[in-house]
Amino acid sequence: MANQNGKNPLQELLEQGQSIWLDSIRRGQIKSGELKQLIDQVGLRGETANPSIFEKAIGGSSDYDEQIRELVGEGLDSGKIYDRVATDDVRMACDVFRPLYDETNGADGFVSLEVSPKLAFDTQGTLEEVRRFWKIVDRPNLMIKIPGTKEGTTAIEESLYEGININITLLFAVAAYEEVAWAYIRALERRVAENKPIDRIASVASFFVSRIDTLADKQLDEKIKTEKDPEKFEELNDLKGKLAIANAKIAYERFQKIFSDARFDALKAQGARVQRPLWASTSTKNPAYRDVIYVETLIGPDTVNTLPLETIYAFKDHGIVERTVDQNLDQAHEVIRRFEAAGLSLDAVTAQVLKEGVEKFDEAFDKLGKEIDAKRAEMEKSAAPRQSASLGKYSQPVEQQLAAAEKKSIAARVWQRDPALWTGDSAHQEIVRNRLGWLRVAETMAEQVETLKSFTERVIADGFKHVLLLGMGGSSLAPEVMQYTFGIARGHPNFAVLDTTDPATVRAYLREMNPADTLYLVSSKSGTTTETLSYFKYFYGHVHALRGDKAGQSFVAITDAGTPLERLARERHFRNTFVNPSDIGGRYSALSYFGLVPAALMGVDVAQLLDRASRMMHAIDSCVPTTENPGVWLGTILGALYAQGRDKVTFVLSPGIDKFGYWVEQLLAESTGKAPEQKADDEQNVSLIDSKNEAGRGLVPIEGEPIGSADVYGEDRVFVYLRLENDKNDALDAGVDKLEKAGQPVIRLRLKDAYSLGSEFFRWEFATAIAGALMGINAFDEPNVSESKENTKRVLDEYVAGCELPNFGANFSQNGISVYWDEAKGKHDSVQAYLREFLEQTKPGDYIALMAYLTRSPANDKALQAGRVALRDNYCVATTVGYGPRFLHSTGQLHKGGANEGVFIQITADNRKDLQIPGEQYTFGILKQAQAIGDWQALKNHGRRALRLHLSAETDPSELERVLTQAAGQGAMMMPAQKS
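Cut-off values and rules
Residues numbered from 1 in each chain as written. Predicted model: local features only at pLDDT ≥ 70, side-chain atom pairs only at ≥ 80, totals over all residues. Heavy atoms only, no water. Salt bridge = Lys/Arg side-chain N within 4 Å of Asp/Glu carboxyl O. Helix = DSSP H or I, 4+ residues; strand = E, 2+ residues; numbered from the N terminus. Buried < 20%, exposed > 50% of the residue type's maximum accessible area, 1.4 Å probe, protein only. Core = buried A, V, L, I, M, F, W, Y, C linked by side-chain atoms within 4.5 Å. Contact = heavy atoms within 4.5 Å. Phe/Tyr/Trp six-rings, centres within 6.5 Å; stacked < 30°, edge-to-face > 60°. Lys NZ or Arg CZ within 6 Å of the ring centre and 35° of its normal. Expected span 1.5 Å × (residues − 1). Arc of directions from axis to C-beta. Pairing = 2+ DSSP bridges. Axes fitted to C-alpha atoms, helices over the stretch in contact; angles between N-to-C directions. Parallel < 35°, antiparallel > 145°, perpendicular 65-115°, else oblique. Left-handed = near helix turned anticlockwise from the far one by under 90°.

Asker: Where do I start with the pattern of salt bridges in this structure?
Answerer: Where charged atoms from two side chains of opposite charge come close, those side chains can pair. Tallied over the entire structure, the rule returns 75 salt bridges. Among the salt bridges present, the one from Glu157 reaches Arg190, with a minimum N-O distance of 3.4 Å. Of this pair, Glu157 sits in helix α8 (residues 150–161) while Arg190 sits in helix α9 (residues 174–193), and the two are 33 residues apart along the sequence. By relative accessible area, which is 29% here, Arg190 ends up partly exposed. Between Lys525 and Asp560 there is a salt bridge, and its shortest N-O distance comes to 2.6 Å.

The following block contains the structure:
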């Protein structure tokens, strides 16, 4: 985004004397031309290798498959394979940067390659590896990274003396920085003494920033938890997020002093360049902080900032440029003084992060070796492809759209957060910009793993035996999927999700989970979700009766910054408040605190889950060709098939991950089920469909519908089979094979194990964003969700004012079931007869939705499943089943905003016993009734086909099953294709 002077912030950084380097190297990026574009169009000035990026790129993509296959054939081990891969990449990158290096007379255009961290404390071993790399790469714009340990500093001076460019890494302490700065000067002085040139020797000192705050904030939080004095509490809280920047500014102050010293002046006269401070680890690790905070606060002359691509684009979009690195130095020194005065030690912090830094680099190299070994094993056993599609007659149009996606750089535009992909409306574009934080949240959350682990350990140590999550939709679905998938680890508290206003269910959780040893997660992005706050009021009252003013210690909030829930948590002294990045929509939040706090409490290996997600991120990177890019490939297929009328995305899931559909159902339905957006009519428009004369669109997710015979499916389906690699479910395999042979489009995704859910969360988020762009809709808003909420509020307001709830006049009642349908053409003698007449409206391409405002129970599950199968088999249409009000936060947007393809059967019931909501003039039962009425009114306002079945409190679920299956005719009626 350009500023008022027409320049983007990255260009302004260069004017301030700061160069931006990329904190990664990847072959696909080099070969695709993307790296050159970043140099020419974005202003990139250098690049550094990162073993962690190599590891994920090797494991998650095919970038290196060809070379690894060749090197395996040569008999090389994983260490030598990495050596070849890395040096080849660095050599190619050096060649891309060479024109910039020449243009700036060696001031910029460098590419860094690091020695093994296993040599961090081995001077001679480091020197040998430096010399070897320098010889192999053989490029003047190579820099070799050496850790700034005591042993490393000796190797640094010797390498510089030998004329090798050095990037000193893992600097955290100002004293360590001073050591390497003087080592640089001594090396140049030795060369001058021997009449050797020094004008082309370059060095940067990589001073790490954000990791200081990660540890310091953790130490501050520990003190904050026990601090009783309000003033000291505020003082400690005010220090958070400030130590790292203060430390870096003081390092820059020393830089200015050292490189204005007479010793360096003499070298400068001989052509010496300053050793530039390079700010490393400057992506934001704490989701509560501004995403470019470590860029904006450290801008100044003779500096480098090395950033991941996401932070580069974020700064280009909204970074503020002004000289800051040497401003307010008194405040920087004061921050250090205050930190020490609080009983904490900066020296201890820097010593610990150095130790952890070496260990993390060492671990990254070890993981890299294991990944190469895994890749080798996969090649040797010729495993089935991770993704494949059998598309039949749709192969050609899909291939055309994949080619178009490549040509229009759709993947790159998503990573660049280009809102024009989804909308041409400027106001809507601002909404999109504020909903794309999910793209990098897995990497951000990886920095919070230890925090989540220690939080969980405290919860267990404090004796909590149960955890109950109070939330709806995006706050509850991913945790529920993980609960079903992973179960509860030994020693961890029992876990459950409450996402219904059904009074019987609320009462059951009170009975089954003793409030004295239950931790309640109050989870809401907006902090205003009616259901969630109602749950809180109910359970807080019971806990308060037991624990009095300490009741808040049984509650944890997960919400965005500044919400009413955050304020409530502060006022009631909650045990913890996890503030989520505000630029993530609820349905895209599985890999944020909303999914990970519950996962940690269950005992899920959060680090492994995030690692899988990160691998998928690298597999979906913008440099990966579309046909090999898992997210773009899947999203393009879904979008292209939608344009061909295949809009019912039907999930077939291995038993071990069969609840994944709960989450992906909301993602697809709420993201795509809405009216099209107006877009600019130019080459930037990727929509496959003309937006005129169409009220709504949408991919209809079909979750939980068992596989049937091929003849019950219409021409509107696409099947997605997620299969666990070691699953032996022959019945599912055979069923999918039959569908494929019958000509149904089938997408197959092979998952290594349950932790591949981390990959799938990200793959499906990205694919949904791509599909939405191709469908011409904004995948990040939910314009119709508020309708049912507003209707519900109106009904409740009228009830509180003394009015009765709206009364539906029954057409007919029998055996405890009443039918309400105001469009019946005549009178019938049974509920199922009315239902059968209603269902006669069903036509090919429709779907039948069972919307059950019932207690979620095995008996009701059985009745609804039997009914949906009978309806599908008779009418040959897709079916969905959802419990209310839960589905209002899942498929509700699609019902009202999508195409008018739904045939809606709302099922309500009387409550045997109700529950009062504390502080309200209505009960949970009344709230649930009002939600059903509000949803009904919204459906009717949109001209939807809808009928209501109402059950008495005594009606057995088997009676509902009988009515549904008999109305469907149990196969006796003719299928739509047979009707004249």
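Asker: How should I be thinking about the nonpolar core in this particular structure?
Answerer: The nonpolar side chains of a soluble globular protein tend to be buried, and buried together. Ranked by size, the top nonpolar core spans 121 residues in total, and within it Leu44, Leu113, Ile166, Tyr177, Phe259 and Ile312 carry the most contacts. Those residues in contact with Leu44, other than ones at most four positions away along the chain, are Ile20, Trp21, Leu22, Leu35, Leu38, Ile39, Phe97, Leu100 and Ile312. The next biggest cluster of nonpolar side chains, apart from the first, holds 100 residues, and it includes Ala405, Val449, Leu601 and Ala613.

Asker: Is there a simple way to think about the packing of aromatic side chains in this case?
Answerer: Each aromatic ring pair is characterised by the separation of its centres together with the angle its planes make. Going through the model one piece at a time under the given rule, you end up with 41 aromatic pairs. Summarising the aromatic geometry, the rings of Phe808 and Trp936 are spaced 5.5 Å apart at their centres and angled 85° between planes, so their arrangement reads as edge-to-face. Placement of Phe808 in the loop between α33 (785–800) and β19 (812–814) and of Trp936 in helix α37 (residues 924–941) is noted, with a sequence separation of 128 residues between them. For Phe808, a relative accessible area of 18% gives the class buried. Among the aromatic side chains, those forming a connected cluster through ring pairs are Tyr520, Tyr535, Phe536, Tyr538, Phe539, Tyr540, Phe555, Phe574 and Phe924. Above the ring of Tyr161, the side-chain terminus of Arg190 is found at 4.0 Å from the ring centroid.

Asker: Mind showing me how you'd approach helix α31 (residues 730–741) here?
Answerer: What sets the pattern is the α-helix's 3.6 residues per turn: residues three or four places apart point alike. For α31, built from 12 residues, the straight-helix expectation of 16 Å at 1.5 Å per residue is met to within 8% by its first-to-last C-alpha distance of 16 Å. Within α31, the full set of buried residues consists of Leu732, Asp733, Gly735, Val736 and Leu739. The buried residues of α31 occupy an angular sector of 165° when the element is viewed end-on, so they sit on one face. Seen from the buried face of α31, the exposed residues on the opposite side, beyond 90 degrees, are Asp730, Ala731, Lys738 and Lys741. Each element contacted by the buried residues of α31 is listed here: β15 (648–653), β17 (717–724) and β18 (746–751). Looking one or two residues beyond α31, the residue adopting positive phi is Gly743, at roughly 95°.

Asker: Is there a simple way to think about the sheet that holds strand β22 (residues 878–883) in this case?
Answerer: Strand pairing in a sheet relies on backbone hydrogen bonds. The paired strands run either parallel or antiparallel. Read from one edge to the other, the open sheet built from 6 strands follows the order β19-β20-β24-β23-β21-β22, with strand pairing classed as mixed. What marks the edges here is a single partner per strand, and that holds for β19 and β22. Between one strand axis and the next, the sheet turns through 20° on average, direction left out of account. As judged from the 7 bridges shared by strand β23 (residues 902–909) and strand β24 (residues 945–951), these two strands associate in the parallel manner. Its bridge partner lying in β24, Val903 is registered against Arg945. Strands in contact with helix α35 (residues 858–875) are β21 (847–852), β22 and β23; relative to β22, the strand with the most contacts, it is inclined by about 160°.

Asker: What am I meant to see in the sheet that holds β17 here?
Answerer: Reading across from one edge, β9-β18-β17-β15-β16 is the order of the 5 strands in this open sheet, with mixed pairing throughout. Looking along the sheet, the strands with just one partner apiece sit at the ends: β9 (387–390) and β16 (700–702). Here the strands of the sheet are splayed against their neighbours by 20° on average, with no regard to which way each runs. In terms of strand pairing, β15 meets β17 through 6 bridges, oriented parallel. The partner of Leu653 across the bridge, within β17, is Leu722. Contacts from helix α29 (residues 630–643) reach β9, β15, β17 and β18, with the element oriented near 160° to β18.

Asker: Help me out: how do you make sense of helix α28 (residues 606–619) in this one?
Answerer: A rise of 1.5 Å per residue sets the reference length of α28, with its 14 residues, at 20 Å; its end C-alpha atoms lie 20 Å apart and thus fit the reference within 8%. The buried count for α28 comes to 12 of 14 residues, which makes it a mostly enclosed element. Of the residues making up α28, those classed as buried are Val606, Leu609, Leu610, Asp611, Arg612, Ala613, Ser614, Arg615, Met616, Met617, His618 and Ala619.

Asker: I tried to follow the environment of Asp781 on my own but got confused; where do I start?
Answerer: Residue position: Asp781 is located in the loop between α32 (757–775) and α33. On the basis of relative accessible area, Asp781 is assigned to the buried category, the value being 12%. Residues Asp781 and Arg435 lie 346 residues apart in sequence; the distance between their C-alpha atoms is 8.6 Å. If we skip the residues at most four places from it in the chain, Asp781 touches Arg587, Glu670, Lys674 and Glu677.

Asker: Looking at this structure, how should I read the pairing of strand β8 (residues 303–307)?
Answerer: Working note: regular strand, side chains alternate between the two faces of the sheet. Among the 5 residues in β8, 5 count as buried, and that is most of the element. Side-chain alternation along β8 places Thr303, Asn305 and Leu307 on one buried face and Val304 and Thr306 on a second face that is also buried. Alignment of strand β1 (residues 18–22) against β8, held across 5 bridges, turns out to be parallel. Note on β8: the bridge partner recorded for Ser19 is Val304. Where strand β7 (residues 276–280) meets β8, 2 bridges bridge the pair, whose relative direction is parallel. Across the sheet, residue Trp279 finds its bridge partner in β8, namely Asn305.

Asker: Where do I start with the pairing of β15 in this structure?
Answerer: Most of β15 sits inside the fold, with 6 of its 6 residues counted as buried. Of the two faces of β15, the one holding Lys648, Thr650 and Val652 and the one holding Val649, Phe651 and Leu653 are both buried throughout. Here β15 runs beside β16; their pairing, made up of 3 bridges, is parallel. Across the sheet, residue Val649 finds its bridge partner in β16, namely Pro701.

Asker: Which parts of the structure should I look at to understand the packing of helix α3 (residues 34–42) against helix α15 (residues 309–318)?
Answerer: The description of two helices packed together rests on the angle between their axes and the distance between the axes. One way to put it is that α3 packs onto α15 with a least axis distance of 13 Å and a crossing angle of 25°. Taken together, the axis directions place α3 and α15 in an arrangement best described as roughly parallel. Crossing of α3 against α15: the hand is left-handed. Residues Glu34, Leu38 and Val42 of α3 pack against Leu309, Ile312, Tyr313 and Lys316 of α15.

Asker: Just to check I follow, could you spell out unusual backbone geometry for this structure?
Answerer: Leaving glycine out, the prevailing phi sign among residues is negative, and the prevailing peptide bond configuration is trans. Omega for the bond connecting Gly884 with Pro885 falls within 30 degrees of zero, at 5°, which places this linkage in the cis form. For Pro885, the location among the structural elements is in the loop between β22 and α36 (892–897). Unusually for a residue other than glycine, His573 sits at a positive phi of about 60°. Secondary-structure assignment places His573 in the loop between α26 (564–571) and β14 (576–580).

Any link to function would need more than the numbers given here.
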